[in-house]
Each structure stands twice: as structure tokens, then as C-alpha cells.
Number of protein chains: 2
Amino acid sequence: MAIAAVVFDAYGTLFDVQSVAAATEAAFPGHGTVITQLWRLKQLEYTWLRSLMGRYADFGTVTRDSLAYALETLGLPATPAEIARLADAYDALSLYPEARLALEALAPLRLAIFSNGSPPMLERLVAQAGIAPLLETVISVDEIGAYKPDPRGYAHVEARLGLAREQILFVSSNGFDIAGAKAHGFRVARIARLTDEALRSELDAAATIDPMLMFKALRMRPERLGFTADATIARLTDLPAHVRA
Amino acid sequence: MAIAAVVFDAYGTLFDVQSVAAATEAAFPGHGTVITQLWRLKQLEYTWLRSLMGRYADFGTVTRDSLAYALETLGLPATPAEIARLADAYDALSLYPEARLALEALAPLRLAIFSNGSPPMLERLVAQAGIAPLLETVISVDEIGAYKPDPRGYAHVEARLGLAREQILFVSSNGFDIAGAKAHGFRVARIARLTDEALRSELDAAATIDPMLMFKALRMRPERLGFTADATIARLTDLPAHVRA
């Protein structure tokens, strides 16, 4: 069955989560990198833990809570208002440079986002990047109240698009999301901006494994969860050729 | 209502997960620390992710998969048999030095373990530490097929002990486990072997934040999940006084 729609993960796939580092460094000079890594690592942990506990709270809450955790860990004082202001950096993430070109080239197909972000966060994120006209719809886990990789999320995407699962190509850089999408039966393309070989070279060359490298080691590799992507591609701009093939 | 039973988390609370470092270092000299940290971080991620995906596999499988992930990340070759042998280090974890004394001092109360470990893993773990005679029972998440902090686990502990939740004191060092136990309504004591102040001093003094320190920053602090322990105590041997108070 031919691919009728391409559904993208947002954070880490279309948008660079590392781009909050400018804001964290400006707010806490000398601490930007470690705040950025602890924040993102804990942000995803909280999505998994809250889902597992049956205590869903939207991604805005989780994003503020995980930032508060990171700052508290480092002993950096911040008021709730300062935390909320810094957390807004997640609504202003940089679009990966090749993302617009890739979306434009795929335009004959139906294009959508499926993301952990709350609807207002995703609206701001997509608007500031100027890609709203390229997307048919933006689907949030908030519509089902459980984070990725809860299987209900992927089933919801299928229902929202009204397509058979084999007609949907799901695109993500996140290992847990790839496993969840594949477990549901989507076709899945992994965007691997960092190859395993490149990561190993970095690890071999490093005198010490710093938080940024630890993040890469933990979150930029395929997961061993029993499901793997159908294809691994290096850049979003390789997607049109992949869809045609 | 008086406390009738004390239920302990195993990994990280009664048993030192860092004690696998001797085995990882012996197997891969120069890489012991980073393997140990990646392994434990990923091991818990996989418990959360598999539960969320509805794809439970027992803790032996998760322990081997997460070790395989760590070794593969670092480019360290190992056969499945070698991985299985090294993973057995989790069945030989060191009991924290004060744990036996604490269990003996609490002995008039009913004592149990509630753990992510599979029944065979927990049997070996408890046997090699020689604490089986001090415990009334060992309860595994395997009995319900979902990892902590799934609420069904804590409800299962309550049912297994046949007590009201207020009669159960749950003891853990793991932030996610504390949140899960408290969400269920147990009384909860957090064992804080590392205070926030000590962690901050370590972070302030460190030229670089290495994987061990990153582990402490991510996993040895209370979590922001909406639930906090009733008491935070430094050592297991402080528990008897806490129970009397």
C-alpha cells in the first residue's frame, strides 16, 4: 500500500532541543550545557513516569518541573516566574535547517506532526518556525492524556488521519518513539543525525564523558525494545527519495 | 494507625547497584564506570518504556538488554553469553553495610521486599546476602507484569500483605518509587544516602561532570512528580527510631 501521509515527531526530529542552550546559558552563565542536558533528560523521564503513574500533566507542566529539577540539582536559585520564562525556550526551538526543504519536497503527501507538546506549545512552536502552511494538522498526546510511547497515541494518529497504518510513514529521531510507532504498525524512518560510528569516535576521543556526550549516548541511539525502524536515514531531505523507493 | 509492616525497595535501597562496577571493570578494563552508569540509567528507562508500551519483559531481559545497549554504545564487543554472564552481577549486588542491622532491629514488625527484580533474580540476590530469614516475603512486579511506579504494583503489595495502606511503611532511595508509593497512600521514608547539599558540593568542586556524577544528579534526588516522602532519613539504621516516633 502506498504511503499517503508522513507524520513527524517534533522535539529532536523537526526541532533542535539543544537550541535552548542559548537561553539557559544567558540565564545562568557557565551552566548552560549541563542545565540543557539535565532538563531534557528529566523532561522525558517525567513524561514516562507520569504516564506510568496515571498522573498525566501537560507538557508545559512537565517542561517547567524538569527545568526546576535541573536548577535545584545545581543549586541555582530561580523563582517560579523565572522558571516559566526560561521554559518558554521550548516554544522557540530552532527548526533544523533542512526541515523546511524536506517538508516542501514532500508536499504532495499529507503532512502532520505528532508530538508530546501541549496544543498551545505546539501552536507557538510551529508558528515561530513558519511551517504551519506546510502541515495538514498537528496532533498532540494531550488529546489522549498519555505520553509517547503509550500505544493509544499512535492509534489516535491513525484515527485522526483516517488511514490504514501501513499508509502512514512515521519519522522520528527518538528511539522510544520509533519503538512505539513500529509496535503500532506504522512504517518508520529513523533520522540518525549522529551515527553510532560517529558517537563511538567522540566517546573514544573524549578525555571525559561530559553531560552533552552522556545525553548523546543515552538518547541518540536506537533502543533495544524489540522494534526497529524500517529505514535509517541521515537527513530529513533524504525522505522524498525514501518515500519514492 | 500503627505501622505493621515495613516494605523495602531492593535495588539502590537495600542493595548497592554501584557494586556491579567491579564486574564491569574486570570485563572491560578502563570502561567500568561508564558501563555501570549507562547500564543502570538505561535499565530503568527500559522498565518505564516497556510498561508504557504494554510490552512487559522480565527484569532479567531488561537487565541484559540495557547492558547490551551500554556495551554497543561504547563499541565494546560481547557475545550474548558474555552479556548474560556479566548481567549476573545484578544477582550478586552488595548489601549496604547497615542493612542487616536495620532489618534485625525492625524484626518485631513484618518485613518484606517489593522490587522490579524477577522472582529468580530476587531469590538469588536475597540468598547471597543471607537476609532471607529476616524477611516474611519478597514481592516482585513480575506478579502483575508492570514495573514501578505503575500503581497496580503498590496495590498488589497492599493486597499481598492484607493490611491497610496506612499500616505499611515503604522505604526507598529511588525518587520515582517514592512518588509511586506515596501516590498509592503508603507511608514513605526516603533513604537519602546523598544529601542535596553534598551533591551540590560535588558538582561545584568537579572540573567536569562525569557519568557517575551525572547518575547522581539524575537518580539520587527526590523527583518533582507531585508526591513527596513523609520523612527523609540518612541511613537504614535510623528506621527503627523513625518507626517508634
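For chain A, an unreviewed UniProt entry supplies the name (S)-2-haloacid dehalogenase and the organism Bosea massiliensis. Taken verbatim from the UniProt record of chain A, the Sequence similarities (unreviewed entry) comment is "Belongs to the HAD-like hydrolase superfamily. S-2-haloalkanoic acid dehalogenase family." In its Function (unreviewed entry) section, the UniProt record describing chain A reads: "Catalyzes the hydrolytic dehalogenation of small (S)-2-haloalkanoic acids to yield the corresponding (R)-2-hydroxyalkanoic acids."

**A few points about the pattern of salt bridges**
Enumeration according to the criterion identifies 38 salt bridges over all chains in this entry. A salt bridge links Glu72(A) to Arg221(B), with the shortest nitrogen-to-oxygen separation between them at 2.9 Å. Here the residue Glu72(A) occupies a position in helix H3 (residues 59-73), and Arg221(B) occupies one in the loop between helix H10 (211-219) and strand S8 (231-233), the pair thus bridging two chains. For Glu72(A), a relative accessible area of 28% translates into the label partly exposed. Residue classification places Arg221(B) among the buried positions, given a relative accessible area of 2%. Among the ionic pairs, Glu136(A) bridges to Arg110(A), the shortest N-O distance being 2.7 Å. Of this pair, Glu136(A) sits in the loop between helix H6 (119-129) and strand S5 (137-140) while Arg110(A) is found in strand S4 (residues 110-115), placing the two residues 26 residues apart along the sequence. Judged by relative accessible area, Glu136(A) falls into the partly exposed class, the value being 44%. Overall, the relative accessible area of 27% leaves Arg110(A) in the partly exposed class. A cluster of three or more residues bridged by salt bridges with shared partners is formed by Glu72(A), Asp196(B), Arg200(B), Arg221(B) and Arg224(B).

**What to know about the pairing of S5(A)**
Residues and elements named next belong to chain A. By the bridge criterion, four bridges tie S4 to S5 in an arrangement that is parallel. Counted as the bridge partner of Ser115 is Ser140 from S5. Between the parallel elements S4 and S5, the chain passes through H6 in a crossover that is right-handed.

**Examining the side chain of Ser115(A)**
Residue and element names in this part refer to chain A. As for its placement among the helices and strands, Ser115 is situated in strand S4. Judged by its relative accessible area of 0%, Ser115 is buried. A polar contact of 2.9 Å, which involves the side chain of Ser115, links it to the backbone nitrogen of Gly117. Every residue in contact with Ser115, bar those within four places of it in the chain, is listed here: Ala10, Tyr11, Leu122, Ile139, Ser140, Val141 and Lys148.

**Structural notes on the packing of aromatic side chains**
Enumeration according to the criterion identifies 24 aromatic pairs over all chains in this entry. Seen from their ring centres, Trp39(B) and Tyr90(B) are 5.0 Å apart, and the 75° between their planes marks the pair as edge-to-face. Note that Trp39(B) is positioned in helix H2 (residues 32-53) and Tyr90(B) in the loop between helix H4 (80-87) and strand S3 (94-95), a separation of 51 residues in sequence. Neither residue differs from the other here; Trp39(B) and Tyr90(B) are each classed as buried. An aromatic cluster is present here, built from Tyr11(A), Trp39(A), Tyr56(A), Phe59(A), Tyr90(A) and Tyr147(A) joined pairwise through their rings. If you follow Lys42(A) out to its NZ or CZ, it ends over the ring of Tyr69(A), 4.5 Å from the centre. For Arg221(B), the ring lying beneath its charged end belongs to Tyr69(A), and the centroid distance is 4.7 Å.

**Structural notes on the domain arrangement of chain A**
The figure often quoted for interface size is the accessible area lost as the parts come together. Residue and element names in this part refer to chain A. Along its sequence, chain A is carved into domain 1 (5-16 + 93-244) and domain 2 (17-91). Between the C-alpha centres of domain 1 and domain 2 there is a distance of 21 Å. Listed per partner, the contact involves 27 residues of domain 1 and 24 residues of domain 2. For the domain 1 face of the interface with domain 2, the top three residues by lost area are Tyr147, Phe215 and Arg219, together amounting to 31%.

**Brief notes about the relation of the copies chain B and chain A**
By a simple turn and slide, chain B fits onto chain A: the slide is 0.0 Å along the axis, the RMSD is 0.0 Å, and the turn is 180°. Read as a symmetry element, the transformation amounts to a two-fold axis.

**Thoughts on the sheet that holds S5(A)**
Two orientations exist for strands paired in a sheet by backbone hydrogen bonds: parallel and antiparallel. Residue and element names in this part refer to chain A. Overall, parallel pairing links the six strands, which are arranged S5-S4-S1-S6-S7-S8 in an open sheet. Single-partner strands in this sheet number two, and they are S5 and strand S8 (231-233). On average, each strand axis in the sheet is tilted by 25° relative to the strand beside it, whichever way the strands run. Bridging between strand S6 (residues 168-172) and strand S7 (residues 187-191) involves four bridges; their strand directions are parallel. Within S7, the position partnered with Leu169 by the bridge is Arg187. Contacts from helix H8 (residues 175-184) reach S6 and S7 within the one sheet, and its direction differs from that of S7 by about 170°.

What counts and how
Residues numbered from 1 in each chain as written. Chains lettered and ligands numbered in written order. Predicted model: local features only at pLDDT ≥ 70, side-chain atom pairs only at ≥ 80, totals over all residues. Heavy atoms only, no water. UniProt positions renumbered as here; feature names shortened; annotations may be inferred. Salt bridge = Lys/Arg side-chain N within 4 Å of Asp/Glu carboxyl O. Helix = DSSP H or I, 4+ residues; strand = E, 2+ residues; numbered from the N terminus. Buried < 20%, exposed > 50% of the residue type's maximum accessible area, 1.4 Å probe, protein only. Pairing = 2+ DSSP bridges. Right-handed = clockwise from strand over helix to strand, strands pointing away. Polar contact = N/O pair within 3.5 Å; in protein donor to acceptor, adjacent residues only side chain to side chain. Contact = heavy atoms within 4.5 Å. Phe/Tyr/Trp six-rings, centres within 6.5 Å; stacked < 30°, edge-to-face > 60°. Lys NZ or Arg CZ within 6 Å of the ring centre and 35° of its normal. Domains from an automatic or database assignment. Buried area = accessible area lost by both parts, 1.4 Å probe. Least-squares fit on C-alpha atoms with pLDDT ≥ 70 in both. Axes fitted to C-alpha atoms, helices over the stretch in contact; angles between N-to-C directions.

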